[in-house]
Amino acid sequence: MKKIVSLILTLALLATSLAALAACNPVDSYQLKIGYLNGPTGMGMAKLISDNGGTDGNDKYSFTPSTAELVGPAVVSGTFDIACMPTNTAAMLYNQNQAIEILAINCLNSIYVITDKNTTVDSFEDLEGKTIYTCKGGTPAPILNALLDAYGINATVTNEFNGEIIAKPENLTPVLTAKNGAPAIVVAPEPIITSANLALKKDASNDNEYSVDIDLGAVWKDKFDTDITMGCIVANKSTLENHKGAVDAFLAEYKASIEYIGDGENLETSAQYIVDAGIMGAVPAAKTALTNLNRGGYISYLDGDDMKTSLVKIYQAFGMALIGGRLPDDGFYYEK
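Residue positions are given per chain, counting from 1 as you read along its sequence in written order. For a predicted model such as this one, the threshold for reporting local features is a pLDDT of at least 70, and the threshold for listing and counting side-chain atom pairs is 80 or more; totals across whole chains, interfaces and linings nevertheless cover every residue. Just so you know, side-chain values use all the structure's heavy atoms and leave hydrogens and water out.

### Side note on the pairing of strand S1 (residues 32-36)
- For S1, a buried count of four out of five residues is recorded, marking the element as mostly surrounded by other parts of the structure.
- When DSSP finds two or more bridges between a pair of strands, those strands are recorded as paired. Strands here mean DSSP runs of E at least two residues long; helices mean DSSP runs of H or I at least four residues long; both are numbered from the N terminus. Where S1 and strand S2 (residues 61-65) come together, five bridges link them in parallel fashion. Across the sheet, residue Gly 35 finds its bridge partner in S2, namely Thr 64.
- Pairing analysis gives two bridges linking S1 to strand S3 (residues 82-86), with the strands arranged parallel. Each bridged residue has a counterpart across the sheet, and for Ile 34 the counterpart in S3 is Ile 82. Think of it in three bands: with a 1.4 Å probe and only protein chains considered, a residue is buried below 20% of the maximum accessible area for its type, exposed above 50%, and partly exposed in between.

And the structure:
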C-alpha cells in the first residue's frame, strides 16, 4: 500500500512539474504569414511548402507568392511575418525604419553574363566598351556595376529595351526571346536563363540562342574573396518579439528544406516541389536550373556570424547609396 501511495505522489509531482514547465514554455500556435519569390531566392522554400499543406498552407504557415517590389512593404507592414527578398533590399528597409531583422541567407551567386550565338565574351575584361542589358530591380544590376567599377571596366549598363524598362528579373525572359533586335549581352540570374533558352528551343521561328559565358559569382570571389550573398529571408521585428518560438521552429524547417533542395541527389523531387509551389512553370526547366545552381552550391543556408561577415563585404562593395546610406547596425542581424 505504501508503494502505491508513493507512486501516486510521484506521478502527481511529475504532472505538476510538467504543467509548470508548459506554463513557462508555451507552444506558440501562431500562424506565420510567409511571402516568397520566384527564382533561386524562393527555391529553397519549396520542400517546406510541400511539407506544410502546399500553397494552401496549414495551421503553422500561410504561403503567398510575391515580387521583389512588393515584398518589402508587405513585411514592414506585417502583411508578411517572414519573407524572401534581395539582400540589398533588406538593408535598405532596415535603414529606413528598423522594422525587420535578417534571419538567414538563402542563395549565393547564380548571376551570369550570357551572350547570343554571334557574340563571344571569354573573360570579364572583354566587356570593355560593350552594352550590357539587365533588369532594374533585384541584385543583378548592383552586382554588375560593382564589378565593373572594381575592375575598372568601362561598359554601358542599361535596363531599357525597345523603349520599356526591364523592371525585374522575370522581365528578362521576353527580352531574350524577342524576335527583333534581342540584345547580344545580358546579365541574368537562374532560372531566367534556363526558362528563356527552353522557350527559344520550342519556337522554331526564333533563331535566338544564348550561352553562359561568365559566372559572376566566380568573378566576384576573385575580387572580394567572398560569395555574392544574393537572397535572404527576413522577419518583421514585432513578429520576432511576440512569436520567437514560432520563428525559430520555422528556421529549423527552412534550413532542412534548403539542404534538401540543394542536394543534387534529390533533383527529381525537388524540381516537382518547385513547380508545385509556382516558383517555376515546368519540371524540365526546374531540373535544368537546379542542376546549374547546385553545381556551384548556390542554394545555401547561411546564418549567424558567417551571414554577417558575408553581408558586410557585399554591402561595402555595393556602396552605401544602394543600402540606405550606411551599413546596418547589429540590430539588423537576428540572433537565436
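### Side note on the packing of helix H5 (residues 87-97) against helix H14 (residues 304-318)
- As a packed pair, H5 and H14 sit with axes 11 Å apart at the nearest point and diverge in direction by 85 degrees. Considering the angle they form, H5 stands roughly perpendicular to H14. Within the contact between the two elements, H5 uses Thr 87, Asn 88 and Ala 91 and H14 uses Leu 311, Tyr 315 and Phe 318. Each axis is a line fitted through C-alpha atoms, taken for helices only over the stretch in contact, and angles between the N-to-C directions span 0 to 180 degrees. Orientation labels follow simple angle bins: below 35 degrees gives roughly parallel, above 145 gives roughly antiparallel, 65 to 115 gives roughly perpendicular, and whatever is left gives oblique. In this description, contact between two residues means that some pair of their heavy atoms is separated by no more than 4.5 Å.

### Considering the confidence of the model for the protein
- Residue-level confidence of the predictor is summarised by pLDDT, bounded by 0 at the bottom and 100 at the top. On average, the protein scores 89 in pLDDT, and the residues at 70 or more come to 92%.
- Between the elements of the protein, mean pLDDT differs from a low of 46, seen in helix H1 (residues 2-24), to a high of 98, seen in helix H3 (residues 46-51).
- Under a pLDDT of 50 for its full length, residues 7-26 has, in the predicted model, zero contacts with residues more than four places off or in other chains.

### What to know about the pattern of salt bridges
- What counts as a salt bridge is simple: a side-chain nitrogen of Lys or Arg found within 4 Å of a carboxyl oxygen of Asp or Glu. Counting across every chain of the model gives ten salt bridges.
- One salt bridge connects Lys 336 with Asp 303, and the closest N-O pair in it is separated by 4.0 Å. Linking Lys 336 in the segment after H14 with Asp 303 in the loop between helix H13 (283-295) and H14, this pair joins segments that are 33 residues apart in sequence.
- Lys 336 sits in the exposed class, given a relative accessible area of 61%.

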